[in-house]
Amino acid sequence: SVCQRGAEGACKCNGWKSQNPPPTPPRTDQQPNTVNLLEPCRSCSHTLGDHVTHLENVSEEEMNRLLGIVLDVEYLYTCVHKEEDADTKQVYFSLFKLLRKCILQMGKPVVEAQESPPFEKPSIEQGVNNFVQYKFSHLPSKERQTIVELAKMFLNQINYWQLETPSQRRQRAPADDAAGYKVNYTRWLCYCNVPQFCDSLPRYEMTQIFGRTLLGSVFTVMRKQLLEQARQEKDTLPPEKRTLILTHFPKFLSMLEEEVYSHSSPIWSEDFLVGSTGEQIPIHTGGQKRKPSDPIHHDETKKLRIVGDIPMELINEVMATITDPTSMLGPETSLLSAHSARDEAARLEERRGVIEFHVIGNSLNQKPNKRILMWLVGLQNVFSHQLPRMPKEYITRLVFDPKHKTLSLIKDGRVIGGICFRMFPSQGFTEIVFCAVTSNEQVKGYGTHLMNHLKEYHIKHDILNFLTYADEYAIGYFKKQGFSKDIKVPKAKYLGYIKDYEGATLMGCELNPSIPYTEFSVIIKKQKEIIKKLIERKQAQIRKVYPGLSCFKEGVITSCCDPRKELKDPDQLYSTLKTILQHVKSHQNAWPFMEPVKKTEAPGYYQVIRFPMDLKTMSERLKSRYYTTRKLFMADMQRIFTNCREYNPPESQYYKCANLLEKVFYTKIKEAGLIEK
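All values reported here derive from a predicted model rather than from experimental measurement.

Asks: Which residues make up the overall build of the chain, and what are the values?
Replies: In terms of regular secondary structure, the chain is built from 23 helices and 6 strands. Across the 677 residues of the chain, 41% fall into the buried class. Sequence separation of 24 or more characterises 70% of the internal contacts of the chain that already satisfy a separation of 6 or more. With the model as given, the accessible surface of the chain reaches about 39,300 Å², and the carbon-plus-sulfur share is 53%.

Asks: Just give me the short version of the confidence of the model for the chain, but keep the residues and values in it.
Replies: On average, the chain scores 81 in pLDDT, and the residues at 70 or more come to 84%. Of all helices and strands in the chain, the one with the weakest mean pLDDT is helix 11 (residues 312-322) (71), whereas strand 3 (residues 414-424) scores best (94). Counted against residues more than four places away or in other chains, residues 274-307, with its pLDDT under 50, gives 91 contacts. Scored below 50 in pLDDT, residues 557-564 makes 11 contacts in the model with residues more than four places away or belonging to other chains.

Asks: Give me the lowdown on the sheet that holds strand 2 (residues 405-411), citing residues and values where you can.
Replies: Within the open sheet, the 6 strands sit side by side as 1-2-3-4-5-6. Their pairing is mixed. Two strands close off the open sheet at either side, each with one partner strand: strand 1 (355-360) and strand 6 (505-510). For this sheet, the mean inter-axis angle between neighbouring strands, taken without regard to orientation, is 25°. Strand direction decides the pairing type here: strand 1 and strand 2, joined by 6 bridges, are antiparallel. Residue pairing for strand 2: Ile 355 is matched across the bridge by Lys 411.

Asks: How would you summarise the side chain of Gln 481 if you had to cite specific residues and measurements?
Replies: Note that Gln 481 resides in the loop between helix 16 (475-480) and helix 17 (491-494). Classification of Gln 481 as buried rests on a relative accessible area of 4%. Sequence-distant contacts of Gln 481, that is, excluding residues within four places in its chain, are made with Thr 448, Met 451, Lys 455 and Cys 509.

Asks: Describe in detail the pattern of salt bridges, supporting the description with residues and values.
Replies: Oppositely charged side chains are able to pair whenever their charged atoms sit close together. Inspection of the entire model under this criterion finds 18 salt bridges. Measuring nitrogen to oxygen at the nearest pair gives 3.3 Å for the salt bridge that ties Asp 571 to Arg 625. Taken together, the positions of Asp 571 in helix 19 (residues 570-585) and Arg 625 in the loop between helix 21 (615-623) and helix 22 (630-647) put the pair 54 residues apart, joining distant regions of the chain. For Asp 571, a relative accessible area of 49% corresponds to the partly exposed category.

Asks: Lay out helix 9 (residues 212-232) in plain terms, naming residues and giving numbers.
Replies: Helix length check: helix 9 (21 residues) gives 29 Å between terminal C-alpha atoms against 30 Å at 1.5 Å per residue, within 8%. At Phe 219, helix 9 shows its strongest bend, of approximately 50°. The complete set of buried residues in helix 9 reads Arg 212, Leu 214, Leu 215, Gly 216, Ser 217, Val 218, Phe 219, Met 222, Leu 226, Leu 227 and Ala 230.

Asks: Before we move on, could you go through the pairing of strand 2 and cite the residues and values that matter?
Replies: In terms of burial, strand 2 is largely enclosed, as 6 of its 7 residues are buried. Here 7 bridges tie strand 2 to strand 3, and the two strands are oriented antiparallel to one another. When the sheet's bridge partners are listed, Thr 406 is paired in strand 3 with Cys 420.

Asks: So what's going on with helix 14 (residues 392-399)? Residues and values would help.
Replies: For helix 14, every residue scored as buried is listed here: Tyr 394, Ile 395, Leu 398 and Val 399. Projected down its long axis, helix 14 carries its buried residues within an arc of 125°, all on one side. Residues of helix 14 that are exposed and point over 90 degrees away from its buried face: Lys 392, Glu 393 and Arg 397. Looking at the buried positions of helix 14, the neighbouring elements they touch are helix 13 (370-386), strand 3 and strand 4 (429-437).

Asks: Tell me what's going on with unusual backbone geometry, and back it up with residues and numbers.
Replies: In the segment running from Pro 117 into Pro 118, the intervening peptide bond is cis, with an omega of 0°. Relative to the elements of secondary structure, Pro 118 occurs in the loop between helix 3 (86-105) and helix 4 (124-136). Cis geometry marks the peptide bond from Lys 121 to Pro 122; its omega dihedral reads -5°. Tracing the backbone shows Pro 122 in the loop between helix 3 and helix 4. With a phi angle near 60°, Asp 462 is a residue other than glycine that sits in the positive phi range. Position of Asp 462 relative to the elements: it lies in the loop between helix 15 (446-460) and strand 5 (465-470). The class for Asp 462 is partly exposed, based on a relative accessible area of 37%.

Asks: Before we move on, can you summarise the side chain of Asn 643 with the specific residues and values?
Replies: Counting through the fold element by element, Asn 643 comes out in helix 22. Ignoring any residue separated from it by four or fewer positions in sequence, one finds Asn 643 in contact with Tyr 605, Ile 609, Phe 611, Pro 612 and Met 613.

Asks: Give me the environment of Arg 625: which residues, what numbers.
Replies: For Arg 625, a relative accessible area of 44% translates into the label partly exposed. Spatially, the C-alpha atom of Arg 625 lies 8.8 Å from that of Pro 570, the residues being 55 residues apart in sequence. The contact partners of Arg 625, leaving out residues within four places of it in the chain, are Pro 570, Asp 571 and Tyr 574.

Asks: Describe the packing of aromatic side chains, with residues and values.
Replies: Applying the stated criterion across every chain, the model contains 31 aromatic pairs. Summarising the aromatic geometry, the rings of Phe 131 and Phe 136 are spaced 5.5 Å apart at their centres and angled 85° between planes, so their arrangement reads as edge-to-face. A relative accessible area of 0% means that Phe 131 is categorised as buried. Note on Phe 249 and Phe 252: the rings are 6.4 Å apart at their centroids and 15° apart in plane angle, and the pair reads as stacked. Of this pair, Phe 249 and Phe 252 both sit in helix 10 (residues 239-261), 3 residues apart, which is roughly one turn of the helix. Assigned by exposure class, Phe 249 and Phe 252 land together as buried.

What counts as what
- Residues numbered from 1 in each chain as written.
- Predicted model: local features only at pLDDT ≥ 70, side-chain atom pairs only at ≥ 80, totals over all residues.
- Heavy atoms only, no water.
- Helix = DSSP H or I, 4+ residues; strand = E, 2+ residues; numbered from the N terminus.
- Buried < 20%, exposed > 50% of the residue type's maximum accessible area, 1.4 Å probe, protein only.
- Contact = heavy atoms within 4.5 Å.
- Areas by Shrake-Rupley, 256 points an atom, 1.4 Å probe, with all protein chains shown as cover.
- pLDDT = per-residue confidence, 0-100.
- Pairing = 2+ DSSP bridges.
- Axes fitted to C-alpha atoms, helices over the stretch in contact; angles between N-to-C directions.
- Salt bridge = Lys/Arg side-chain N within 4 Å of Asp/Glu carboxyl O.
- Expected span 1.5 Å × (residues − 1).
- Bend = angle between axes of the 7 residues up to and from the residue.
- Arc of directions from axis to C-beta.
- Phe/Tyr/Trp six-rings, centres within 6.5 Å; stacked < 30°, edge-to-face > 60°.

What follows is the structure in structure tokens.
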């Protein structure tokens, strides 16, 4: 309600002030004031009409929106004066000025806080989803559902988490990236925190616009506070919730913490392929193109789908039969089949707590741990008995050498096997020195499971190559574990670092950080079962007997591509096709297909759609007389509809537009006499 005479320079009044303001709080028995446009302003003496002339044609909806911004401005004004932290106060003041400017200009607020969301890909939500698939997709459905619930609970906690101010963080962790954290803190205030109490600002979920960087900066503190809060509230929780939070949540957070801070974790890769098993944590998906008037929302991302992919509905249906105990032996069965994976028995024993795996080593700096020293002695005995050609003194020296570590296999409190190794992080490889399992515990899959645990341990430590000298008796074992004589590590990297053993063969193994090695055989087994079931279903379909074609009864061909319908005159064909194309382009459902799809609007579109087509390209082809037959024209038009349905989900707006426009197109084709009606 700025006085409009101010435009002439005669009045500087910045808002209407009544001569008789209503009491605060208003009296219930007071009659409502009648509006008098001639009433003078208490500040500038100009009439109320002079203050509202610019609002005469503004709709009630727009007025309510502007009044909502007024409320937000007043609240932010209070926040600015109450806030003590300088960084937060500055953001509040910037948003205050932004909203005040929007009121004066009657515009919509657009926050410009160092780029627009999302700020990092994949998002926290996508990363946690990938984590669940990467680590827990092999679990039975009931256990997997528990993990999904924990993930949802964790994501919800993040969305309402209160970030510490940059100054508080500098005091707690002065060595961290203060500038980077301040940028993310500002973004969080502008897009996540302040919009919770200022409705006029667009609000985003923290888990959908931030990624690994912000999660890594808050995870350690957040984990500690969440667990402390759970312990304090345990007595108020229902029994089922208490078990979930106190038993499973700490383990879930510990495993996630490893992936958050591991540089080689595959869950933060944009190329991470989400498995077909396990329930998905909700992730929003978008479409192919948008109307010019539609805003580009932060959560409209498209999961790449490769042509030829098996539909998810079919995969889930098949998985339901595989995980059903009535259809096949469950994962906990003790009757292992003859075709079970080598490490299946060991995996089941580990799950039941029969065996344990620990990476241990001697230390000259720390106080000796009696249990670890006993295990090291046990490892020395196992290696000495199982590797009689090796001098005992040599084995003892390496096992107790602080530079060497040993992955030990513990059963009933005693050592029954292990792998002794030395890591060379600067050279990018690890040398495996000894590997053995005591004789009475062999042929149970322990050796394979040991090596799989060692692989996962090294992936977490960013070392992706093993080297070892294998004697004639060990070559077979190492081949089964993925080792070969084809060494991937350059010779300059390991020459002089490892000892050359006479009569032994140098073998190497390159690790893939995307593979969960301890669960790999389970995943492969499930994949085989899925393929087997899909083949059975396909065979059942092939065996169906279909009725024969009836179109030959009259002795004529009634195909839609009847050669008699082909127009011989090129000009007549051009004119007909031009008319049809104009009809299609002018239809209300043609807007998604007018121009080629832009990569910025649909990331990954051209990786999925190999032969794109659009109405603009068809117009150019028609103009250049490319369409010498109606078949070429119909093929290009059909490709537009097929591509759209291939890329977009059935419930999307684009999918529906394609179906409706396709009907219009074939109606026009029939009306033109190019195909049979």
